[in-house]
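Secondary and tertiary structure notes
One-letter residues, chain by chain:
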Amino acid sequence: MRIDVLTIFPGYFAGPLDTSLVATARARGAVDVRLHDLRDWTTDRHRSVDDAPYGGGAGMVMRGDVLVAAAESVWNDLPPSATVGTAGAPADVGGAPPRYVAGGARPRTVVFTPRGRPLTQALVRELADEDRLVLVCGRYEGIDERVHELVATDEVSLGDYVLMGGEVAAAAMVEAVVRLLPGVLGNAASAAEESFEGGLLEHPLYTRPPELRGRTVPPVLTSGDHAAVAAWRRARAEERTRAVRPDLLDGTGGAGPEEV
Ligand code: 6GU
């Protein structure tokens, strides 16, 4: 899979991309992550990616011309010079029309925004099946509405709270998607047993030592009775889900099990 990330803070991703399983997946060629600095598509001396909102109001808005030019570049593997300043019409790349254009056919392109639909494991599974993902990180008070119309195939939020930009959400999505790619997790079963995959939160886990500050391990786990262990884990998972995420069980309010 190839993932392109468009951001004004490419340096933010150094940690997440160079750590642990994501780093290993990249080294093995399971995923090709490419970072792009949105300022490479700006047209002015100050390289500005934002401007004041039409109609007035507080805060700044991310410019649609910069984001559309960046998306068309990355979709079509064109250098910034081919699409910078093409707000009025798609880039003219020597006769042949670009394969992907804003508002037309385009790779799966996620714009991160608190107004998007929440990132769930169901969406992560869906995205893990794509050949390409383009992730667009918003900043400032918001993004020009025409970017949502012309660039986004998906609008995604990390949850019901406000961040300063989409970078954390993009890093979360990369990590969630990459761990589902073939060959990335050592033990395929561990992906299926995780919280959410069965519509429940994960049961408690224990490892050595057998006693920790006076707390022992539930005897069933050392009984050798596999059926009893499975029943105990199922009961604890249901108990925990009922206590902290009842919406996963009864379908009221939050995403139901089939949506998680
Ligand atoms: Cl994707 N962006 C911002 N700015 N805030 C958020 C978010 C995204 N998801 C939750 N809060």
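Here, the structure is the one placed above.
Read on for an overview of the structure. (Residues numbered from 1 in each chain as written. Predicted model: local features only at pLDDT ≥ 70, side-chain atom pairs only at ≥ 80, totals over all residues. Heavy atoms only, no water.)

Let us now look at the sheet that holds strand E8 (residues 154-157). Pairing within the open sheet is parallel, and its five strands lie in the order E2-E1-E6-E5-E8. Since the sheet does not close on itself, it has two edges, and those belong to strand E2 (32-37) and E8, each with one partner. If you compare each strand with its neighbour and ignore which way they point, the axes differ by 35 degrees on average. Pairing of strand E1 (residues 2-7) with E2 involves six bridges; the strand directions are parallel. Within the sheet, the bridge partner assigned to Thr7 lies in E2 and is Asp37. Where helix H5 (residues 121-128) meets the sheet, its contacts fall on strand E5 (109-118), strand E6 (132-137) and E8, and the angle it forms with E5 comes to roughly 170 degrees. (Pairing = 2+ DSSP bridges. Helix = DSSP H or I, 4+ residues; strand = E, 2+ residues; numbered from the N terminus. Axes fitted to C-alpha atoms, helices over the stretch in contact; angles between N-to-C directions. Contact = heavy atoms within 4.5 Å.)

On to helix H7 (residues 167-178). Taking 1.5 Å of rise per residue, 12 residues should cover 16 Å, and H7 covers 16 Å from first to last C-alpha, within 8% of that figure. In terms of burial, H7 is largely enclosed, as nine of its 12 residues are buried. Among the residues of H7, those classed as buried are Glu167, Ala169, Ala170, Ala171, Met173, Val174, Ala176, Val177 and Val178. (Expected span 1.5 Å × (residues − 1). Buried < 20%, exposed > 50% of the residue type's maximum accessible area, 1.4 Å probe, protein only.)

Let us now look at empty space enclosed by the protein. In this structure the tally under the stated criterion is one cavity of 30 Å³ or more. Put simply, the largest cavity is a space of about 30 Å³. In terms of lining residues, the largest cavity is bounded by Phe13, Pro16, Leu17, Val22, Ala171, Val174 and Glu175. For the lining of the largest cavity, the secondary-structure elements that each account for two or more residues are helix H1 (14-17) and H7. The residue makeup of the lining of the largest cavity, split by class, is six nonpolar, no polar and one charged. (1 Å grid on protein atoms, 1.4 Å probe; cavity = no way out; pocket = protein on both sides within 12 Å on 5 of 7 lines; lining within 4 Å. Points joined across faces, edges and corners; volume = space filled by probe spheres on them. Nonpolar A, V, L, I, M, F, W, Y, C, P; charged D, E, K, R; others polar.)

Before going further, it helps to examine the sheet that holds strand E3 (residues 50-51). Read from one edge to the other, the open sheet built from three strands follows the order E3-E4-E7, with strand pairing classed as mixed. Among the strands making up the open sheet, the edge pair consists of E3 and strand E7 (142-143). Of the strand pairs in this sheet, strand E4 (residues 61-62) and E7 are connected by two bridges, and their pairing is parallel. Counterpart to Val61 in the pairing with E7 is Gly142.

Turning our attention to the nonpolar core. Within the largest apolar cluster, 29 residues are counted, with the highest numbers of intra-cluster contacts made by Ile3, Phe112, Leu135, Met173, Val177 and Val178. At the level of elements, E1, helix H2 (20-27), E5, H5, E6 and H7 are the ones that each hand at least two residues to this core. Contacts of Val178, omitting those with residues within four sequence positions, involve Ile3, Val22, Ala25, Val31 and Val184. Judged by nonpolar contacts, the second largest core, of 23 residues, contains Trp41, Val66, Leu67 and Val136. (Core = buried A, V, L, I, M, F, W, Y, C linked by side-chain atoms within 4.5 Å.)

Turning our attention to unusual backbone geometry. In this chain, Arg208 is followed by Pro209 through a cis amide linkage whose omega measures 5 degrees. One non-glycine residue, Ser20, lies in positive phi territory at about 55 degrees. Note on placement: Ser20 falls in helix H2. Classification of Ser20 by relative accessible area gives exposed; the value is 56%. Unlike most non-glycine residues, Arg213 shows phi in positive territory, near 45 degrees. With respect to the helices and strands, the residue Arg213 is situated in the loop between strand E9 (211-212) and strand E10 (215-216).

Here the focus is a nonpolar patch on the surface. Together, Phe9, Tyr12, Tyr161, Leu163 and Val168 line one region of the surface with nonpolar side chains, adding up to about 450 Å² of accessible area. Its place among the elements puts Leu163 in the loop between E8 and H7. On the accessibility criterion, Leu163 (38% relative accessible area) is partly exposed. (Patch = residues over 30% accessible without salt bridge, like charges linked within 9 Å, V, L, I, M, F, W, Y side chains within 5 Å. Areas by Shrake-Rupley, 256 points an atom, 1.4 Å probe, with all protein chains shown as cover. Salt bridge = Lys/Arg side-chain N within 4 Å of Asp/Glu carboxyl O.)

Our focus in this paragraph is the packing of H5 against H7. Between H5 and H7, the least distance of the axes is 9 Å, while the angle of their chain directions is 70 degrees. With respect to H7, the element H5 is oriented roughly perpendicular. Crossing angle aside, the handedness with which H5 passes H7 is right-handed. Taken together, the residues of H7 that come into contact with H5 (itself represented by Val124, Leu127 and Ala128) are Met173, Ala176 and Val177. Within the contact of H5 with H7, the residues separate by chemical class into six nonpolar, no polar and no charged. (Parallel < 35°, antiparallel > 145°, perpendicular 65-115°, else oblique. Left-handed = near helix turned anticlockwise from the far one by under 90°.)

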